[in-house]
Amino acid sequence: MRIPIIKGVIDRRILINYQIDKDVLKNYLPKPFTPKTINGKGIAGICLIRLKEIRPKGFPKQIGIASENGAHRIAVEWVENGELKEGVYIPRRDTSSKLNSLAGGSIFPGVHHHAKFNVNETDENYEISFVSSDKTSLAIKAKCTNQLNTESIFDSIESVSDFFKNGSVGYSPCKNNFDGLKLNTYSWKVSLLDVENVHSSFFENKGIFPEGSIKFDNALLMKNIEHEWIGLNKIYS
């Protein structure tokens with residue numbers, strides 16, 4: 001059974017992105033997924049997203065719920081019915097909402113770990129952190145900027161934007177299959193963040209990402225985006 005269409009507003013979305021050795025990602029990813037690369041590097045990161053007015057499509061926004069969420073994502077490709085597809089593989093999701101964590105795999109895709117989020121932000125500055133029930137943690141301090149990180153493997157904000165816009169389909173592990181979800185945004189606009197510091201216990205795990213295999217690349221910001229989450233057919237491993 002497909003996940004029902006969910007509608008709402010992305011109040012704030014931060015994409016923290018890393019460039020990663022493609023062979024490391026290839027060894028980590030489950031079949032049928034393989035790394036999508038740019039300039040010979042794989043791309044992965046964390047999406048920090050605050051949602052509001054989230055409800056099944058057709059229901060009034062007054063009944064919608066709000067939550068802070070974190071999704072660890074890896075840009076991937078796979079072959080489906082003989083056609084090359086692209087999107088993201090999401091190995092873990094974290095949420096401030098107990099409802100989301102209970103509904104993971106039914107209303108929402110994949111397992112959702114319940115986490116405590118701390119948020120301190122203005123229109124220009126962002127400090128966000130969370131610690132999950134299994135002690136997975138993340139923290140970022142960043143501010144708005146017009147300059148792309150000089151060490152980024154992308155050559156412009158337009159190329160970064162296009163890369164992630166094309167990755168609107170995501171699959172999350174759930175038992176012996178992968179739950180699929182497509183993000184359909186009513187508009188698409190990103191801006192850049194200058195990151196003062198960032199910590200991710202997942203991406204700093206040297207058992208998965210050995211020393212020298214991963215490097216921070218860039219961070220993006222999106223705000224006030226109406227959207228729908230559309231359930232897709234499962235992929236079976």
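Counting from 1, residues in each chain are numbered in the order their sequence is written. pLDDT decides what is reported in this predicted model: residues at 70 or higher carry local features, side-chain atom pairs at 80 or more are listed and counted, and totals for whole chains, interfaces and linings draw on all residues regardless. The basis for the side-chain values is all heavy atoms of the structure; hydrogens and waters are excluded.

## Quick notes on the overall build of the protein chain
So, step 1. For helices the rule is a DSSP run of H or I covering at least 4 residues; for strands it is a run of E covering at least 2, with both sets numbered from the N terminus onward. When its secondary structure is counted, the protein chain shows 3 helices and 13 strands.
So, step 2. Once the C-alpha set of the protein chain is aligned to its principal axes, its extents read approximately 45 × 45 × 35 Å.
So, step 3. Categorising residues by exposure relies on relative accessible area from a 1.4 Å probe, with only protein chains included: less than 20% of the type maximum marks a residue as buried, more than 50% marks it as exposed, and the intermediate range marks it as partly exposed. The buried share among the 237 residues of the protein chain stands at 47%.
So, step 4. Residues are treated as being in contact if the distance between any of their heavy atoms lies within 4.5 Å. Long-range pairs, those at least 24 residues apart, make up 71% of the contacts in the protein chain between residues at least 6 apart in sequence.
So, step 5. Surface accessibility in these figures is a Shrake-Rupley result with a 1.4 Å probe; residues are shielded only by whichever protein chains are displayed. Surface exposure of the protein chain reaches about 11800 Å², of which carbon and sulfur atoms provide 48%.
So, step 6. Positive charges come from Lys and Arg alone, negative charges from Asp and Glu alone, with His and the N- and C-terminal ends not counted. Charged side chains are reduced to one point each, which is NZ for Lys, CZ for Arg, CG for Asp and CD for Glu. Averaging the positions of the 31 positive and the 27 negative side-chain charges in the protein chain gives two centres separated by 6 Å.

## Remarks on the pairing of strand β4 (residues 41–56)
So, step 1. A pair of strands is treated as paired once DSSP finds two or more bridges between them. Bridge count for strand β1 (residues 6–21) against β4 is 14 bridges, and the pairing is antiparallel. Bridging across to β4, R12 finds its partner in R50.
So, step 2. Pairing geometry for strand β3 (residues 37–38) and β4, over 2 bridges, is antiparallel. Of the residues in β4, the one forming a bridge with T37 is G42.
So, step 3. Adjacent in sequence and paired antiparallel, β3 and β4 are bridged by 2 residues, among which N39 carries a positive phi angle near 50°.

## Examining the packing of aromatic side chains
So, step 1. When the centres of two rings from Phe, Tyr and Trp lie within 6.5 Å, Trp using its six-membered ring, the rings pair. Their planes under 30 degrees apart give stacked, over 60 give edge-to-face, and anything left gives tilted. What the rule picks out here adds up to 17 aromatic pairs.
So, step 2. Consider the rings of F33 and W78, whose centres lie 5.5 Å apart with planes at 80°: the pair is edge-to-face. Of this pair, F33 sits in the loop between α1 (22–28) and β2 (34–35) while W78 sits in strand β5 (residues 65–80); the two residues are 45 residues apart in sequence, bridging distant segments of the chain.
So, step 3. Of the residues examined, W78 reaches a relative accessible area of 4% and is grouped as buried.
So, step 4. When the ring of F154 is compared with that of F164, the centres are 6.4 Å apart and the planes differ by 40°; the resulting orientation is tilted. Taken as a pair, F154 in the loop between β9 (137–145) and α3 (157–165) and F164 in helix α3 lie far apart in primary sequence, 10 residues in all.
So, step 5. The class for F154 is buried, based on a relative accessible area of 4%.
So, step 6. Taken together, the aromatic side chains of Y18, Y28, F202, F203, F209 and F216 make up a single cluster linked through ring pairs.

## Things to note about unusual backbone geometry
So, step 1. Cis peptide bonds are those with omega within 30 degrees of zero, and the linkage from K31 to P32 qualifies with 15°.
So, step 2. Relative to the helices and strands, P32 is located in the loop between α1 and β2.
So, step 3. With a phi close to 55°, E53 is a non-glycine residue in the positive phi region.
So, step 4. Topologically, E53 is positioned in strand β4.
So, step 5. By relative accessible area, which is 24% here, E53 ends up partly exposed.

## Here we look at α3
So, step 1. For α3, the set of buried residues is V160, S161, F163 and F164. The buried residues of α3 occupy an angular sector of 160° when projected down its axis, which confines them to one face.
So, step 2. Where α3 is buried, its residues contact β1, β3, β4, β5 and β13 (214–236). Throughout, the arc means the angular range of directions from the helix axis out to the C-beta atoms.

## Overview of the pattern of salt bridges
So, step 1. When a carboxyl oxygen of Asp or Glu lies within 4 Å of a side-chain nitrogen of Lys or Arg, that pair is called a salt bridge. For the coordinates displayed, the defined rule picks out 16 salt bridges.
So, step 2. Here K234 ties to D179 by a salt bridge, and the two come within 2.3 Å at their closest N and O atoms. Of the two residues, K234 sits in strand β13 while D179 sits in strand β11 (residues 177–185), which places them 55 residues apart along the sequence.
So, step 3. In this structure, a network of salt bridges that share partners links the residues D11, R12, R50, K52, E68 and E121.

## A short note on the nonpolar core
So, step 1. Throughout this description, the term nonpolar core refers to a set of buried Ala, Val, Leu, Ile, Met, Phe, Trp, Tyr and Cys residues connected via side-chain atoms within 4.5 Å. Counting 34 residues, the largest nonpolar core has I14, I16, F33, L48 and F203 as its most contacted members.
So, step 2. With 4 residues, the top contributor of residues to this core is β1.
So, step 3. Setting aside residues no more than four positions away along its own chain, I16 makes contact with A44, G45, I46, L48, L138, I140, V198, F216, N218 and A219.
So, step 4. Listed in part, the 28 residues of the second largest apolar core include I43, A75, V160 and V190.

## Structural notes on the environment of V169
So, step 1. Among the secondary structure elements, V169 is positioned in strand β10 (residues 169–174).
So, step 2. Residue classification places V169 among the buried positions, given a relative accessible area of 15%.
So, step 3. Put simply, V169 and K85 are 84 residues apart on the chain and 9.2 Å apart in space, counted from C-alpha to C-alpha.

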